[in-house]
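Examination of the molecular architecture
The lines below spell out each chain.
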Amino acid sequence: MNRRPDHTDWCGRDHRCGLGEHRSPEIAVDIPGHARAVLVRVRTATGRDHAEVRVRVALAPGELAARRQLVGLLGDVRQAVTRAAIAARPRPRR
């Protein structure tokens, strides 16, 4: 018999879970008319936890300004991902 693993404390316990994954409810940050970010915590079938992040930002109407926004956004996302990855590393013992 294939038994479904127990849900985590943060799991949404609904249609978001499936195929061995557990998914939290979405946490959204809205700046109406300008931007929206959505974060979901995911535990895979192998037991590894991840953060899944979607970001939508309104771009300037001009191509040059929009490209500048995209370059800045990419740099900010890279910095955030790097900071999160560094925080997850175990600290060396002394």
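About the criteria used
Residues numbered from 1 in each chain as written. Predicted model: local features only at pLDDT ≥ 70, side-chain atom pairs only at ≥ 80, totals over all residues. Heavy atoms only, no water. Salt bridge = Lys/Arg side-chain N within 4 Å of Asp/Glu carboxyl O. Helix = DSSP H or I, 4+ residues; strand = E, 2+ residues; numbered from the N terminus. Buried < 20%, exposed > 50% of the residue type's maximum accessible area, 1.4 Å probe, protein only.

What follows deals with the pattern of salt bridges. Counting across every chain of the model gives seven salt bridges. A salt bridge links Glu26 to Arg54, with the nearest nitrogen and oxygen atoms 3.2 Å apart. Placement of Glu26 in the loop between strand S1 (22–23) and strand S2 (27–31) and of Arg54 in strand S4 (residues 49–57) is noted, with a sequence separation of 28 residues between them. With a relative accessible area of 43%, Arg54 lands in the partly exposed category. A salt bridge links Arg36 to Asp30; its shortest N-O distance comes to 2.6 Å.

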